[in-house]
Amino acid sequence: DTGVSQNPRHKITKRGQNVTFRCDPISEHNRLYWYRQTLGQGPEFLTYFQNEAQLEKSRLLSDRFSAERPKGSFSTLEIQRTEQGDSAMYLCASTRGAENEKLFFGSGTQLSVL
Amino acid sequence: RKEVEQDPGPFNVPEGATVAFNCTYSNSASQSFFWYRQDCRKEPKLLMSVYSSGNEDGRFTAQLNRASQYISLLIRDSKLSDSATYLCVVINAGGTSYGKLTFGQGTILTVHP
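Only a predicted model underlies this, so the values are computations on that prediction, with no experimental measurement involved. (Residues numbered from 1 in each chain as written. Chains lettered and ligands numbered in written order. Predicted model: local features only at pLDDT ≥ 70, side-chain atom pairs only at ≥ 80, totals over all residues. Heavy atoms only, no water.)

## Considerations on the packing of aromatic side chains
Moving on, step 1. Overall, the coordinates contain 14 aromatic pairs over all chains when judged by the stated rule.
Moving on, step 2. Arranged with centres 5.7 Å apart and planes meeting at 70 degrees, the rings of Phe45 of chain A and Tyr48 of chain A form a pair that is edge-to-face. Taken individually, Phe45 of chain A and Tyr48 of chain A each receive the classification buried, so the pair is uniform in this respect.
Moving on, step 3. Consider the rings of Phe21 of chain B and Tyr86 of chain B, whose centres lie 5.4 Å apart with planes at 40 degrees: the pair is tilted. Of this pair, Phe21 of chain B sits in strand β3 (residues 19–25) while Tyr86 of chain B sits in strand β9 (residues 84–91); the two residues are 65 residues apart in sequence, bridging distant segments of the chain. Comparing Phe21 of chain B with Tyr86 of chain B, the two get one shared label, buried.
Moving on, step 4. An aromatic cluster of at least three residues, connected via ring pairs, comprises Tyr33, Tyr35, Phe45, Tyr48 and Phe105 of chain A together with Phe34, Tyr36 and Phe103 of chain B.
Moving on, step 5. Lying across the ring of Phe74 of chain A, Arg22 of chain A places its NZ or CZ 3.9 Å from the centre. (Phe/Tyr/Trp six-rings, centres within 6.5 Å; stacked < 30°, edge-to-face > 60°. Buried < 20%, exposed > 50% of the residue type's maximum accessible area, 1.4 Å probe, protein only. Helix = DSSP H or I, 4+ residues; strand = E, 2+ residues; numbered from the N terminus. Lys NZ or Arg CZ within 6 Å of the ring centre and 35° of its normal.)

Following this line, the structure appears as structure tokens:
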């Protein structure tokens, strides 16, 4: 399967714990995006990368959120000191980077903070 | 003002009906536009791109109005299988947010028998 892969599919954690999600984009895709989605809302932009460079991080994100793409391939999203409000679906998507390129999504990681 | 705003919905229509959704965007430098479809508990998938001249794909027609900064999606002869959330997507073309994709909040469509 050469699609976008996200792990884990589900994560349940206690408030205050740190969590890390991984995204493996399609291999030739240069651009990688992270979104967060809650029920009844559209995907909310978190951050995106062009190769290993992080181009923008949402101003809505607190310093508890950090993302990396060290070699321009897979990416990780870490949330420190999780809060109940962090519970959401975290979606990763990739594209080759041209403006009109189709965005390919992974199946997401569903985070539940208890 | 949100960068991308959609009709609040939900839309409940009978099979065979024609339904239209609108989406407005605030950044005049936006360059590319799309409609995505998202089924319940699934990831979004591309439905169609939106071209300046308007484009059609079977029962679906997308249009762009740059002057008024909105895009639209028209679905003719609705099918039960069209029931989903429809998301409009705008790509920034200028400044530090070049290439950033922004989604609307989505419009829920339910087609009933």
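Back to the text.
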